[in-house]
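Architecture at a glance
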Amino acid sequence: MPNKVVAVIKREYMTRVKSKGFVASLFFMPVLMCGLVLLSGFLAIMEDKPKEMRKLAVIDETGEIFTEMQAAIARHSTFQHKGELVYELFEEAATEALEIALQERVNTKDIYAYLAIPKNVFANGEVRLYARTATNFEVQRALRRMISDIVRDKRFADSGYSQREVSQLMRSVKFNAYAVKNSKGDTGGAAVESSIETGARLGLGYVLVFVLYMFVIIYANSIMRSVLEEKTTRIVEVIVSSIKPYQLLLGKLVGVCSVCLTMLAIWVLFGVVLIMNINPLLRIFGIESLPIQLLLIVGTVKASSAEMLTYFFVYFIIGFFMYSTLYAVVGAICGSEEEAQQAGAPLVMLIIVPFVLMVQLVRIPDSTFSVLLSHVPFFSPILMFMRINVLMPPLWEILLNILVVCATVGLIMLMSGKIYRVGILMYGKRPTLRQLWQWTRY
Amino acid sequence: MNLLQLENVHKKFGDFTAVSDISFSIQKGSIYGLLGPNGAGKTTTLRMIMDIIAPDAGTITLNGNRHIRDFLDRIGYLPEERGLYRKMKVRDVILFIAELKGLYKQQALGEIERWLEKMQLSEWENKRIDELSKGMAQKIQFITTVIHKPELIILDEPFSGLDPINMTLLKDLMLELRDEGSTIIFSTHVMEQVEKLCDHICLIHQGKVLIEDELRAVKRAFGKNSVEIEYVGSLEPIRNSDWIQGINDFGQYAEVKLRSPEDYRPLLQELVEKGVDVTRFELVEPTLHEIFVRSVEAQGGTVQDAE
């Protein structure tokens, strides 16, 4: 007797793997993701360098700082573009009417900004910068540093110290952070990981969580649509007259999950081969070195361990089943795609919430709050995986969590299966939550 | 020997009674017609037989066995609303459903070939369902229903949406399948379709069985109390005749219902006396539709929703 669930799995798998969308995602998703990392990296280091001269008015009530600034500006790279000075300072007398006039000139772009330095700046006075935007953080930072240096030097000089002495004494110490691992290192003691390595692991964690998020969004929706198709074309009547609804649901989930795993496996395989041979490959194309962002990606991938990938696959599969089951149920209780999109929208929150929390929880991985949240079954696939990345919890805790989440998934599938069974044969009005509860107890 | 038996089957959806106390049995190797207007409970009855929905009360047995779910592979089911996976190829769709019915791939492929040839659809084997015309898609769906050589074939409104040529084709196929030993139960609301096809009929109305018997017996019980008249001119002179209970006039042809079966003689006489130009006068059995209307009326109901 051939297995009927296998027939369902085969159909779900083949129709998707053969589709153009699958082939397209296979190529474009990694390209897109690398592109995204590159772009954000590029934006982060992109500096606000004007091509024309920017005029910066200074109202110096002390009468001592402006000349120092004019000397100092040449030493700050922020104010230069390709070695040429692109900021021009000029002094204005301090009157109230003048400030209004200057604000007007800032507005009409005649001058870039103006700076007001009060008389009491040596004591505690506030230096104010007026420009068309307050988000030019680089310029702000450079000006703050410049003026602080000038003011500080003045204070030191007044107290009788020479500048040389001061800079000698004020050097900061070198500082670096290391994570102590449970596992044994080369020397026999605990393994130690530098913060750069941790950063790379963290980066990989983000990438993997993002992959989980993306796959769930794309393929759980695909499951929802396929449930709807079966429902609207009424072919579901033929199917459930051959197999039980829960078998159909299971077949769908396994089939689509296999599609995701296939894509991931191809990526991992190609990725590993590519990264391991990155230098010889580059030489073929005559490229000396990669942009820094790509090098970071390479480093990140190299930092990944088989252990981490294993945890990723475990949580990926659990998470996929959990979210997809819910999407399948939404498909089963709705009558059209528009309706389903609407009804399915709240489900996205189940992924968005841990996604957002994750960013903050990384800082405090062992706080009670983090630990508790990571054990909420709906959040575990993302938060627990993140904890494993940052600060490995004891093995028993991970296993317990996997067990609890699996049990939750089982429970959800059991209840969903019942709703699904009734829903796929119900047409017309969408059931209320109370009705859904009743359906689970048929 | 009874293949399928329903006993006192009830089904309610909320406050609405879809099926109320239905009992009938189907003999092996027969064609059984389940007739009634839209909303009579035909589809609900068929779905309960397929165990897609469970009856509230009563029993349904197949070969004396109450667990129909264990025998689903021996049943072929064509639902009322048609539909197949639109993006899949013809062959893949049939293969998928055949596998769900427990066929092995090689076995199924041979059958698919045979059926597509029979339906003259061989060259469409690798086309996608959404490239097919509606009639072709219906034929494909019929193939998916019978591909696994089921003992019992359940067809819900199989003729709806078919053109006359395909209707004849389907009718011939049904007879062929019966001769090969299958038992067929089908539902329809167009009663004329059943007349030449069924061995047995069951008329249902508002979830209740009105008549359930062999087709010949049903017809005999109602007697020949109808007359078909073809004429030239007008039937106006005899419209208020004492012998006529009802008249369905089509202009040159009329179906006349008599007050009693013997009244055809005086009616014929009156036609001649009043000078109506009659070209044909024939005593006929009542149509199923007429039987249906009379049965409903006999129970004090009306049939405004019968068509």
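Given the structure is predicted, the values throughout are model-derived calculations rather than measurements.

**Digging into the overall build of chain A**
Broken down by element type, chain A carries 17 helices and 8 strands. In chain A, buried positions account for 27% of the 442 residues.

**Quick look at the interface of chain A and chain B**
Where interface size is given, it is often the accessible area lost as the parts come together that is meant. Between chain A and chain B, the contact holds 17 residues from the first and 20 residues from the second. Of all the secondary structure elements, the ones that give two or more residues to the side of chain A that touches chain B are α1 (4–17) and α8 (235–240) of chain A. Here the element with the most residues in the side of chain A that touches chain B is α8 of chain A; it accounts for 5 residues. When the residues that make up the side of chain A that touches chain B are grouped by side-chain class, the tally is 9 nonpolar, 4 polar and 4 charged.

**Observations regarding the domain arrangement of chain A**
In terms of domains, chain A is made up of domain 1 (54–164) and domain 2 (194–439). In this structure, domain 1 of chain A and domain 2 of chain A have C-alpha centres spaced 52 Å apart.

**Describing the domain arrangement of chain B**
Segmentation of chain B into domains returns domain 1 (2–215) and domain 2 (224–284). Computed from C-alpha atoms alone, the centre-to-centre distance between domain 1 of chain B and domain 2 of chain B is 41 Å.

**Focus on the pairing of strand β1 (residues 54–60) of chain A**
Inspection of the sheet shows β1 of chain A paired to strand β4 (residues 87–92) of chain A by 6 bridges, in the parallel sense. Its bridge partner being in β4 of chain A, K55 of chain A is matched across the sheet by E88 of chain A.

**Observations concerning the sheet that holds strand β13 (residues 277–284) of chain B**
All names here are of chain B. Spatially, β11-β12-β10-β13 is the arrangement adopted by the 4 strands of the open sheet, whose pairing is antiparallel. Strands at the two margins of the open sheet, each flanked by one partner only, are β11 (244–249) and β13. Between one strand axis and the next, the sheet turns by 20° as a mean value, whatever way the strands run. Where strand β10 (residues 226–232) lies against strand β12 (residues 253–258), 5 bridges are found, and the strand directions are antiparallel. Residue pairing in the sheet places E228 in a bridge with E255 of β12. Helix-sheet contacts for helix α7 (residues 264–273) involve β10, β11, β12 and β13, and the interaxial angle to β13 is about 175°.

**Focus on helix α2 (residues 90–100) of chain B**
In an α-helix there are 3.6 residues to a turn, and that puts residues three or four apart on one side. Counting buried residues in α2 of chain B gives 10 out of 11 residues, a clear majority hidden from the surface. Looking at α2 of chain B, one finds that the buried residues are V90, D92, V93, I94, L95, F96, I97, A98, E99 and L100 of chain B. In this structure, the buried residues of α2 of chain B make contact with α1 and α8 of chain A together with α3 (105–118) and α4 (134–146) of chain B. Note on α2 of chain B: the residue one or two positions beyond its end, G102 of chain B, has a positive phi of about 95°.

**Side note on the packing of helix α3 (residues 65–72) of chain A against helix α5 (residues 137–159) of chain A**
What describes two packed helices is the angle between their axes and the distance between those same axes. Residue and element names in this part refer to chain A. Axis separation between α3 and α5 bottoms out at 10 Å; the angle between their running directions is 125°. Classified by the angle between their axes, α3 and α5 sit oblique to one another. Viewed along their axes, α3 and α5 form a crossing whose handedness is right-handed. Residues I65, E68, M69 and A72 of α3 touch α5, and the partners they reach there are M146, I147 and I150. A class-by-class count of the residues in the contact of α3 with α5 yields 6 nonpolar, no polar and 1 charged.

**Some words on helix α16 (residues 395–423) of chain A**
All names here are of chain A. The first and last C-alpha atoms of α16 sit 40 Å apart over 29 residues, in line with the 42 Å expected at 1.5 Å per residue. Among the residues of α16, N401, V405, V409, M413, S416, G417, I419, Y420, R421 and G423 are the ones counted as buried. Next to the buried residues of α16 lie α9 (245–276), α12 (306–333), α15 (380–390) and α17 (433–439).

**Topic: the nonpolar core**
Counting 135 residues, the largest nonpolar core has M224, A328 and I382 of chain A together with V93, I94 and I154 of chain B as its most contacted members. Discounting chain neighbours no more than four positions away, the residues touching M224 of chain A are Y327, A328, V330, G331, A340 and G344 of chain A. Residues L56, M69, Y87 and I111 of chain A belong to the second largest nonpolar core, which totals 19 residues.

**Focus: the environment of I351 of chain A**
With respect to the secondary-structure elements, I351 of chain A resides in helix α13 (residues 337–361). As a C-alpha pair, I351 of chain A and R434 of chain A span 83 residues in sequence and 25 Å in three-dimensional space.

**A closer look at the confidence of the model for chain A**
For chain A, per-residue confidence averages 82 on the pLDDT scale, and 90% of positions sit at 70 or higher. Put simply, helix α11 (residues 292–303) of chain A is where chain A has its lowest mean pLDDT, 64, and α1 of chain A is where it has its highest, 91.

**Brief notes about the sheet that holds strand β2 (residues 16–27) of chain B**
All names here are of chain B. The strand order across the open sheet formed by 3 strands is β2-β1-β4, and the pairing between neighbours is antiparallel. If you trace the sheet from one side to the other, it starts and ends with β2 and β4 (57–62), each paired once. Between one strand and the next, the sheet's axes are offset by a mean angle of 15°, whatever the strand orientation. Bridge count between strand β1 (residues 2–13) and β2: 8 bridges; the pairing is antiparallel. The partner of K12 across the bridge, within β2, is T17.

**Considering the packing of α9 of chain A against α16 of chain A**
Residues and elements named next belong to chain A. Contact pair α9 / α16: the axes reach a minimum separation of 9 Å and the direction vectors enclose 115°. Considered as vectors, α9 and α16 are oriented roughly perpendicular to each other. The interaxial crossing formed by α9 with α16 has right-handed handedness. Contact residues: α9 offers P245, Y246 and L249, while α16 offers G417, Y420 and R421. Looking at the contact of α9 with α16 residue by residue, the class counts come to 4 nonpolar, 1 polar and 1 charged.

**Focus: the confidence of the model for chain B**
All names here are of chain B. Per-residue pLDDT for chain B averages 86, and the proportion of residues at 70 or more is 97%. When the elements of chain B are averaged for pLDDT, helix α8 (residues 288–298) gives the smallest value, 81, and strand β6 (residues 152–156) the largest, 93. On the interface metric, ipTM, the complex scores 0.77, and its pTM is 0.76.

Each value, and the rule that gives it
Residues numbered from 1 in each chain as written. Chains lettered and ligands numbered in written order. Predicted model: local features only at pLDDT ≥ 70, side-chain atom pairs only at ≥ 80, totals over all residues. Helix = DSSP H or I, 4+ residues; strand = E, 2+ residues; numbered from the N terminus. Buried ≥ 20, exposed ≤ 12 C-beta atoms within 10 Å, placed from the backbone. Contact = placed C-beta atoms within 7 Å. Nonpolar A, V, L, I, M, F, W, Y, C, P; charged D, E, K, R; others polar. Domains from an automatic or database assignment. Pairing = 2+ DSSP bridges. Axes fitted to C-alpha atoms, helices over the stretch in contact; angles between N-to-C directions. Parallel < 35°, antiparallel > 145°, perpendicular 65-115°, else oblique. Left-handed = near helix turned anticlockwise from the far one by under 90°. Expected span 1.5 Å × (residues − 1). Core = buried A, V, L, I, M, F, W, Y, C linked by C-beta atoms within 7 Å. pLDDT = per-residue confidence, 0-100.

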